[in-house]
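Listed here are the chains, written in short residue letters.
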Amino acid sequence: MVTGRFAVPRLPTNMGPVCTNLEGILFLHCVPLFVDFEPEDLLVLARASEERAYPEGTVLFKQGDVGDEVFVVISGRVQLVYSETGGDRSATMLGPGDCIGEMSVIDGSVRSNTAVVTGVNTRVLAIAGETFRRFAEERAHVSGKIIGVLANRLRQLTDRADRPLVKLGVSS
C-alpha cells in the first residue's frame, strides 16, 4: 500500500518485545497511521508508549467508555464488537499494525466499540490519550496526516456500505 511519500513497510512476522526506542520507531513506521511521520515524531511516540501483553479474552475497553488510551497491535488479534439492542455484532478483527482507539481520544467522544483480545500472545503498544492528543495538537503536520488516514478509513467504510448486499440461497 502506498500512502504519502512511502510504501507501507511490511511488519515482521517474528516481532519480539519492542523494548528500545529504535525498535519502537521501526515498528511504528510500519503502522499505516504513522507511516508518513518523521523519525523525530516516531521517537516521541515510542518514548511515550508502554508495551503490554494480554491473555485471550481480555477487554481492552468497552463501548461507552471514555477514550483514554490509543493501542497499536504488535502481535495477536483484537476483535471490535458493536453492541446494539438486538445483541452484539462483530465489527472488525484487527491484527499487527492496526491502531485502536485513536478516534475517541482525538475527538473526546466515548468508545464506539468494545475491544476484546482474541489472539494468543497478544501484545500492544499503549499510548496515554492525553499524550497522544497533545502530540497531535502540537504538530500541525502530524494532525494533517492523521486526518488523512481517518478520512481514508471513512471513505472505505462508506464504499462498503454503498455496495449491494448479496443474499445467498434466496430466489426472487
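First, a word on scope: everything that follows refers to the structure included in this document.

Definitions and cut-offs
- Residues numbered from 1 in each chain as written.
- Predicted model: local features only at pLDDT ≥ 70, side-chain atom pairs only at ≥ 80, totals over all residues.
- Heavy atoms only, no water.
- Helix = DSSP H or I, 4+ residues; strand = E, 2+ residues; numbered from the N terminus.
- Contact = heavy atoms within 4.5 Å.
- Areas by Shrake-Rupley, 256 points an atom, 1.4 Å probe, with all protein chains shown as cover.
- Phe/Tyr/Trp six-rings, centres within 6.5 Å; stacked < 30°, edge-to-face > 60°.
- Buried < 20%, exposed > 50% of the residue type's maximum accessible area, 1.4 Å probe, protein only.
- Lys NZ or Arg CZ within 6 Å of the ring centre and 35° of its normal.
- Pairing = 2+ DSSP bridges.
- Axes fitted to C-alpha atoms, helices over the stretch in contact; angles between N-to-C directions.
- Parallel < 35°, antiparallel > 145°, perpendicular 65-115°, else oblique.
- Left-handed = near helix turned anticlockwise from the far one by under 90°.
- Nonpolar A, V, L, I, M, F, W, Y, C, P; charged D, E, K, R; others polar.
- Salt bridge = Lys/Arg side-chain N within 4 Å of Asp/Glu carboxyl O.
- Arc of directions from axis to C-beta.

1. Quick notes on the overall build of the protein
Okay, so step 1: If you tally the helices and strands in the protein, you get 5 helices and 10 strands.
Okay, so step 2: If you take every contact in the protein between residues at least 6 apart in sequence, the share linking residues at least 24 apart comes to 71%.
Okay, so step 3: When the accessible area of the protein is evaluated, it comes to approximately 10200 Å², of which 55% is carbon and sulfur surface.

2. Regarding the packing of aromatic side chains
Okay, so step 1: Evaluation of the coordinates by the stated rule reveals 4 aromatic pairs.
Okay, so step 2: Ring geometry for F37 against F135: centres 6.0 Å apart, planes inclined by 35°, an arrangement best described as tilted. With F37 in the loop between helix 1 (21-29) and helix 2 (39-48) and F135 in helix 4 (residues 129-138), this pair connects stretches of sequence that are 98 residues apart. Both residues of the pair, F37 and F135, count as buried.
Okay, so step 3: Here the aromatic residues F34, F37, F132 and F135 are joined through ring pairs into a cluster of three or more.
Okay, so step 4: Here R111 stacks its cationic end above the ring of F61, 3.9 Å away from the centre of that ring.

3. Quick notes on the sheet that holds strand 8 (residues 99-100)
Okay, so step 1: Pairing is antiparallel in the open sheet, where 4 strands are placed in the order 3-10-5-8. Each having just a single partner strand, strand 3 (49-54) and strand 8 make up the two edges of the open sheet.
Okay, so step 2: Seen against the sheet, helix 4 touches strand 5 (69-75) and strand 10 (122-128) and runs at an angle of roughly 60° to strand 10.

4. Some words on the packing of helix 1 against helix 2
Okay, so step 1: Across the interface, helix 1 lies against helix 2 with an axial gap of 8 Å and an inter-helix angle of 115°. The orientation of helix 1 with respect to helix 2, classified from their angle, is roughly perpendicular. Crossing of helix 1 over helix 2 shows right-handed handedness. Each of N21, G24, I25, L28 and H29 in helix 1 lies in contact with helix 2, whose residues at this interface are P39, L42, L43, L45, A46 and R47.
Okay, so step 2: Broken down by class, the residue content of the contact of helix 1 with helix 2 amounts to 7 nonpolar, 3 polar and 1 charged.

5. Remarks on the pattern of salt bridges
Okay, so step 1: Tallied over the entire structure, the rule returns 8 salt bridges.
Okay, so step 2: Where D41 meets R139, a salt bridge forms, and the shortest distance between an N and an O atom there is 3.1 Å. Taken together, the positions of D41 in helix 2 and R139 in the loop between helix 4 and helix 5 (140-162) put the pair 98 residues apart, joining distant regions of the chain.
Okay, so step 3: A residue is classified by how much of its surface remains accessible, and D41, at 6% relative accessible area, is buried.
Okay, so step 4: Between E130 and R134 there is a salt bridge, and its shortest N-O distance comes to 3.9 Å. One end of the pair is E130 and the other is R134, both in helix 4 and 4 residues apart, which spans about a single turn.
Okay, so step 5: Each member of the salt-bridge network shares a partner with another, and the members are D41, E138 and R139.

6. Overview of helix 2
At 3.6 residues per turn, the α-helix brings residues three or four places apart onto the same side.
Okay, so step 1: Every buried residue of helix 2 is listed here: D41, L42, L45 and A46. Relative to the axis of helix 2, the buried residues are bounded by an arc of 140° and lie together on one face. Summarising the geometry of helix 2, the exposed residues directed more than 90 degrees from the buried face are E40 and R47.

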